[in-house]
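Examination of the molecular architecture
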Amino acid sequence: MAGAARRRDGHITQERMLEEAMAAIAEDGLAALTMSALAERLGTSGGHILYYFGSKDLLLLAVLRWSEAALADERRALLARRLTAERKLDLFLRLYLPHGPRDPRWMLWIELWARIPANEALREAQRDLDRGWQEDLEALLTKGVAQSRFAPMDTDEVAARASELLALLDGLSTRVVLGEQSGPAARPALDAARSAAALLVPRG
């Protein structure tokens, strides 16, 4: 749930800053997001934002963590639903893939991927966020195997298939965000993801 724009002492909440940063990325793109531009949108100073986040890199990381936390809640709610494993897997694919070329979450991921080799904090954050998707997908597949909805796989196979599917989803998502899914011969990312999932995780 969105936080109030300002606390009682008049200061803008961190959550409001994260919400506005994500909205700015969606509207104007990541390159246009500067501390001063975000401060102007919020009606505050760049120094106030720097007080909370320290740098643009840390602000972007905080926005990504905030966005991913909301998706983690959605994943867990999905795993708890009374649906077939096949249906859950399809909804998982939908949740992972971007909504379109200007999806702000995926624009953030691509930007941060480029910075990760030189930044240990970003590298560790990526591991943490990726681990959540991996563990939840493994749980989904394990339950599907136990229910005979998916073909038999042992624990190592489940982990390998989940990792392979997530890597493929990363590639498809990047193509969508970079605008490489257009044209008469282009195949929608969700269709490609479904086909790959059917090969990697055959039905029981």
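Here, every reference points to the structure presented above.
Figured I'd write up the structure that's included with this text. Note that this is a predicted model, so its numbers are computed, not measured. (Residues numbered from 1 in each chain as written. Predicted model: local features only at pLDDT ≥ 70, side-chain atom pairs only at ≥ 80, totals over all residues. Heavy atoms only, no water.)

Tallying secondary structure elements over the chain gives nine helices and zero strands in all. Taken from N to C terminus, the helices and strands of the chain fall in the order α-α-α-α-α-α-α-α-α. Its C-alpha atoms give the chain principal-axis dimensions of about 60 × 40 × 30 Å. When each of the 204 residues of the chain is scored for burial, the buried share is 43%. Of the contacts made within the chain by residues no fewer than 6 positions apart, 65% connect residues no fewer than 24 positions apart. Counting 27 positive and 29 negative side-chain charges, the chain places the averaged centre of each group 5 Å from the other. (Helix = DSSP H or I, 4+ residues; strand = E, 2+ residues; numbered from the N terminus. Buried < 20%, exposed > 50% of the residue type's maximum accessible area, 1.4 Å probe, protein only. Contact = heavy atoms within 4.5 Å. Lys, Arg positive; Asp, Glu negative; His and termini not counted. Charge placed at Lys NZ, Arg CZ, Asp CG, Glu CD.)

Attention now goes to the pattern of salt bridges. Within this structure, the stated rule accounts for 18 salt bridges. The partner of Arg16 in a salt bridge is Glu20, with the nearest N and O atoms 2.9 Å apart. Within this pair, Arg16 and its partner Glu20 are both found in helix H1 (residues 14–28), separated by four residues, close to a single helical turn. The shortest N-O distance in the salt bridge between Glu20 and Arg41 comes to 2.7 Å. In this pair, Glu20 sits in helix H1 while Arg41 sits in helix H2 (residues 35–42), placing the two residues 21 residues apart along the sequence. Exposure remark for Glu20: the relative accessible area of 9% places this residue in the buried category. Put simply, Arg16, Glu19, Glu20, Glu27, Asp28 and Arg41 are held in one network by salt bridges that share partners. (Salt bridge = Lys/Arg side-chain N within 4 Å of Asp/Glu carboxyl O.)

Checked against the element boundaries, Glu86 lands in helix H5 (residues 85–96). Polar side-chain contacts of Glu86 include one of 3.0 Å to the side chain of Arg149. Among all residues touching Glu86, those that are not within four sequence positions of it are Arg149, Phe150 and Arg203. (Polar contact = N/O pair within 3.5 Å; in protein donor to acceptor, adjacent residues only side chain to side chain.)

Before going further, it helps to examine the packing of aromatic side chains. Counted under the stated rule, the structure contains six aromatic pairs. Judged by centre distance (5.4 Å) and plane angle (90 degrees), the ring pair of Phe92 and Trp133 falls under edge-to-face. Taken as a pair, Phe92 in helix H5 and Trp133 in helix H7 (residues 120–146) lie far apart in primary sequence, 41 residues in all. Each residue in the set Phe92, Tyr96, Trp106, Trp109, Trp113 and Trp133 is aromatic and connected to the rest through ring pairs, giving one cluster. Residue placement shows Arg75 over the ring face of Trp133; its charged tip is 4.2 Å from the ring centre. Directly above the ring of Tyr96 sits Arg105, whose terminal nitrogen or CZ lies 5.9 Å from the centroid. (Phe/Tyr/Trp six-rings, centres within 6.5 Å; stacked < 30°, edge-to-face > 60°. Lys NZ or Arg CZ within 6 Å of the ring centre and 35° of its normal.)

Turning next to the environment of Gly46. The topology assignment puts Gly46 in helix H3 (residues 46–53). Apart from the residues lying within four places of it in its own chain, the contact partners of Gly46 are Met35 and Ala39.

We now examine H3. Along H3, the residues that are buried comprise His48, Ile49 and Phe53. Within H3, the buried residues cover an arc of 120 degrees as seen down the axis, which keeps them to one side. Those residues of H3 that are buried are in contact with H1, H2 and helix H4 (56–80). The first or second residue beyond H3 is Gly54, which carries a positive phi of 85 degrees. (Arc of directions from axis to C-beta.)

A word on unusual backbone geometry. For Ser148, which is not glycine, the phi torsion reads 60 degrees and is therefore positive. Considering the arrangement of structural elements, one finds Ser148 in the loop between H7 and helix H8 (155–177). A relative accessible area of 55% means that Ser148 is categorised as exposed.

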